[in-house]
Amino acid sequence: MANRDKIRQYETFISDVLKRDLQKVLEQRDGVYEKIAQYLQLKNTIQSLQESGDGELKTEVDLGCHFYVQAHVEDSSKVFVAVGYGFFVEMSHAEALRFIEKKTRQLNAHTELLTKDSAKIKANIRMVLEGLRELQGLAELPEDDQQRVL
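As a starting point, this report considers the structure included with it. A quick note: this is a predicted structure, and the numbers were derived from the prediction, not measured. (Residues numbered from 1 in each chain as written. Predicted model: local features only at pLDDT ≥ 70, side-chain atom pairs only at ≥ 80, totals over all residues. Heavy atoms only, no water.)

1. Regarding the environment of Leu132
1) Next: Inspection of the secondary structure assignment puts Leu132 in helix H2 (residues 93–136).
2) Next: Taking the relative accessible area as the measure of exposure, Leu132 reaches 5% and is therefore buried.
3) Next: Counting along the chain gives 104 residues from Leu132 to Gln28, while the straight-line C-alpha distance between them is 29 Å.
4) Next: Every residue in contact with Leu132, bar those within four places of it in the chain, is listed here: Ile7, Tyr10, Glu11 and Ile14. (Helix = DSSP H or I, 4+ residues; strand = E, 2+ residues; numbered from the N terminus. Buried < 20%, exposed > 50% of the residue type's maximum accessible area, 1.4 Å probe, protein only. Contact = heavy atoms within 4.5 Å.)

Shown next as C-alpha coordinates:
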(Lines give C-alpha, C1' and ligand atoms only; values in the text may rest on other atoms or scores of the structure.)
Protein backbone atom coordinates (compact mmCIF):
# COMPACT_ATOMS: atom_id res chain seq x y z
CA MET A 1 0.00 0.00 0.00
CA ALA A 2 2.83 2.40 0.82
CA ASN A 3 4.39 1.65 -2.56
CA ARG A 4 1.18 2.64 -4.37
CA ASP A 5 1.06 5.94 -2.48
CA LYS A 6 4.66 6.73 -3.41
CA ILE A 7 3.97 5.85 -7.04
CA ARG A 8 0.90 8.10 -7.05
CA GLN A 9 2.90 10.95 -5.45
CA TYR A 10 5.65 10.66 -8.06
CA GLU A 11 3.13 10.54 -10.91
CA THR A 12 1.38 13.61 -9.50
CA PHE A 13 4.72 15.40 -9.12
CA ILE A 14 5.57 14.70 -12.77
CA SER A 15 2.21 15.83 -14.15
CA ASP A 16 1.46 18.74 -11.79
CA VAL A 17 4.92 20.22 -11.32
CA LEU A 18 7.57 19.08 -13.78
CA LYS A 19 5.51 18.96 -16.97
CA ARG A 20 3.85 22.29 -16.13
CA ASP A 21 7.26 23.87 -15.48
CA LEU A 22 8.57 22.45 -18.75
CA GLN A 23 5.60 23.88 -20.63
CA LYS A 24 6.12 27.33 -19.09
CA VAL A 25 9.82 27.38 -19.97
CA LEU A 26 9.13 26.27 -23.55
CA GLU A 27 6.40 28.93 -23.93
CA GLN A 28 8.80 31.60 -22.64
CA ARG A 29 11.44 30.44 -25.10
CA ASP A 30 8.91 30.57 -27.96
CA GLY A 31 8.01 34.13 -26.95
CA VAL A 32 11.67 35.14 -27.06
CA TYR A 33 12.05 33.52 -30.49
CA GLU A 34 9.08 35.62 -31.69
CA LYS A 35 10.79 38.80 -30.47
CA ILE A 36 14.00 37.80 -32.26
CA ALA A 37 12.03 37.22 -35.47
CA GLN A 38 10.43 40.67 -35.18
CA TYR A 39 13.80 42.36 -34.69
CA LEU A 40 15.29 40.49 -37.65
CA GLN A 41 12.31 41.51 -39.79
CA LEU A 42 12.92 45.13 -38.79
CA LYS A 43 16.61 44.73 -39.63
CA ASN A 44 15.74 43.45 -43.11
CA THR A 45 13.30 46.32 -43.64
CA ILE A 46 15.89 48.91 -42.60
CA GLN A 47 18.49 47.35 -44.90
CA SER A 48 15.98 47.45 -47.77
CA LEU A 49 15.32 51.12 -47.05
CA GLN A 50 19.05 51.83 -47.08
CA GLU A 51 19.55 49.99 -50.37
CA SER A 52 16.68 51.78 -52.09
CA GLY A 53 18.16 55.16 -51.16
CA ASP A 54 14.76 56.78 -51.63
CA GLY A 55 13.64 58.87 -48.65
CA GLU A 56 9.95 58.32 -49.39
CA LEU A 57 8.06 55.19 -48.49
CA LYS A 58 4.58 53.91 -49.23
CA THR A 59 3.30 51.23 -46.89
CA GLU A 60 0.24 49.83 -45.17
CA VAL A 61 -0.26 50.29 -41.44
CA ASP A 62 -2.28 47.92 -39.26
CA LEU A 63 -4.68 49.97 -37.15
CA GLY A 64 -5.74 46.91 -35.21
CA CYS A 65 -7.96 43.89 -35.84
CA HIS A 66 -6.23 43.48 -39.22
CA PHE A 67 -7.65 46.77 -40.50
CA TYR A 68 -5.00 48.33 -42.77
CA VAL A 69 -4.70 51.81 -44.23
CA GLN A 70 -2.23 53.12 -46.77
CA ALA A 71 0.46 55.41 -45.43
CA HIS A 72 2.95 57.70 -47.11
CA VAL A 73 6.18 58.44 -45.25
CA GLU A 74 8.01 61.45 -46.66
CA ASP A 75 11.24 60.93 -44.69
CA SER A 76 12.16 57.35 -43.76
CA SER A 77 15.63 58.23 -42.49
CA LYS A 78 14.49 57.67 -38.89
CA VAL A 79 12.51 54.77 -37.44
CA PHE A 80 10.87 54.11 -34.10
CA VAL A 81 12.16 50.96 -32.41
CA ALA A 82 10.50 49.13 -29.53
CA VAL A 83 13.11 49.00 -26.76
CA GLY A 84 10.98 47.24 -24.16
CA TYR A 85 8.30 47.88 -21.57
CA GLY A 86 6.15 49.59 -24.21
CA PHE A 87 8.70 52.31 -24.97
CA PHE A 88 9.76 53.32 -28.48
CA VAL A 89 12.85 55.34 -29.37
CA GLU A 90 13.43 57.27 -32.57
CA MET A 91 16.70 56.13 -34.17
CA SER A 92 18.61 56.59 -37.38
CA HIS A 93 19.09 53.49 -39.51
CA ALA A 94 22.64 52.95 -38.25
CA GLU A 95 21.58 53.34 -34.60
CA ALA A 96 18.66 50.99 -35.10
CA LEU A 97 20.86 48.33 -36.73
CA ARG A 98 23.37 48.53 -33.84
CA PHE A 99 20.54 48.28 -31.31
CA ILE A 100 18.97 45.33 -33.12
CA GLU A 101 22.33 43.53 -33.17
CA LYS A 102 22.81 43.97 -29.43
CA LYS A 103 19.20 43.11 -28.62
CA THR A 104 19.18 39.91 -30.70
CA ARG A 105 22.47 38.85 -29.05
CA GLN A 106 20.89 39.39 -25.63
CA LEU A 107 17.72 37.53 -26.62
CA ASN A 108 19.73 34.62 -28.06
CA ALA A 109 21.62 34.32 -24.77
CA HIS A 110 18.27 34.25 -22.96
CA THR A 111 17.00 31.46 -25.24
CA GLU A 112 20.13 29.45 -24.47
CA LEU A 113 19.39 29.76 -20.74
CA LEU A 114 15.78 28.71 -21.29
CA THR A 115 16.92 25.75 -23.38
CA LYS A 116 19.28 24.67 -20.58
CA ASP A 117 16.44 25.03 -18.07
CA SER A 118 14.17 22.86 -20.22
CA ALA A 119 16.92 20.23 -20.50
CA LYS A 120 17.26 20.18 -16.69
CA ILE A 121 13.51 19.74 -16.29
CA LYS A 122 13.49 16.93 -18.87
CA ALA A 123 16.34 15.26 -16.97
CA ASN A 124 14.35 15.54 -13.73
CA ILE A 125 11.32 13.98 -15.44
CA ARG A 126 13.50 11.15 -16.72
CA MET A 127 14.97 10.62 -13.23
CA VAL A 128 11.54 10.47 -11.60
CA LEU A 129 10.29 8.10 -14.31
CA GLU A 130 13.30 5.89 -13.66
CA GLY A 131 12.44 5.89 -9.93
CA LEU A 132 8.86 4.96 -10.78
CA ARG A 133 10.09 2.13 -12.99
CA GLU A 134 12.18 0.77 -10.13
CA LEU A 135 9.31 1.10 -7.63
CA GLN A 136 7.00 -0.79 -9.95
CA GLY A 137 9.63 -3.39 -10.80
CA LEU A 138 9.32 -2.82 -14.54
CA ALA A 139 11.98 -3.63 -17.11
CA GLU A 140 13.98 -0.77 -18.57
CA LEU A 141 12.41 0.92 -21.59
CA PRO A 142 14.20 0.72 -24.93
CA GLU A 143 15.85 4.00 -26.00
CA ASP A 144 13.15 4.72 -28.65
CA ASP A 145 10.36 4.45 -26.07
CA GLN A 146 12.24 6.70 -23.63
CA GLN A 147 12.40 9.46 -26.25
CA ARG A 148 8.63 9.23 -26.85
CA VAL A 149 7.88 9.66 -23.13
CA LEU A 150 9.40 13.16 -23.18
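2. Comments concerning the packing of helix H1 (residues 2–52) against H2
1) Next: Between H1 and H2, the shortest axis-to-axis distance is 8 Å and the interhelical angle comes to 165°. Comparing their axes, H2 and H1 come out roughly antiparallel. The two elements H1 and H2 cross, and the hand of that crossing is left-handed.
2) Next: Residues of the contact of H1 with H2, tallied by class, amount to 29 nonpolar, 13 polar and 11 charged. (Axes fitted to C-alpha atoms, helices over the stretch in contact; angles between N-to-C directions. Parallel < 35°, antiparallel > 145°, perpendicular 65-115°, else oblique. Left-handed = near helix turned anticlockwise from the far one by under 90°. Nonpolar A, V, L, I, M, F, W, Y, C, P; charged D, E, K, R; others polar.)

3. Quick look at the side chain of Thr104
1) Next: Checked against the element boundaries, Thr104 lands in helix H2.
2) Next: If we ignore the near neighbours within four places in the chain, the residues touching Thr104 are Tyr39 and Leu40.

4. Considering the pattern of salt bridges
1) Next: Enumeration according to the criterion identifies three salt bridges in this entry.
2) Next: With its nearest N and O atoms 3.5 Å apart, the salt bridge here joins Asp5 to Arg8. Pair noted here: Asp5 and Arg8 are both in helix H1, with a separation of three residues, about one helical turn.
3) Next: Among the ionic pairs, Arg133 bridges to Glu130, the shortest N-O distance being 2.4 Å. Here Arg133 pairs with Glu130, and both are found in helix H2, just three residues apart, close to one helical turn.
4) Next: Residue Arg133 is classed as buried on the basis of its relative accessible area, which comes to 16%. (Salt bridge = Lys/Arg side-chain N within 4 Å of Asp/Glu carboxyl O.)

5. With respect to the pairing of strand E3 (residues 78–84)
1) Next: Bridge count between E3 and strand E4 (residues 87–92): six bridges; the pairing is antiparallel. Opposite Phe80, over in E4, you have Glu90 as the bridge partner.
2) Next: Following E3, the chain reverses through two residues before pairing antiparallel with E4; Tyr85 in that reversal takes a positive phi of roughly 55°. (Pairing = 2+ DSSP bridges.)

6. A closer look at H1
1) Next: The first and last C-alpha atoms of H1 sit 74 Å apart over 51 residues, in line with the 75 Å expected at 1.5 Å per residue.
2) Next: For H1, the full list of buried residues reads Ile7, Ile14, Leu18, Leu22, Val25, Arg29, Val32, Ile36, Tyr39, Ile46 and Leu49.
3) Next: In this structure, the buried side of H1 is in contact with strand E1 (57–62), E3 and H2. (Expected span 1.5 Å × (residues − 1).)

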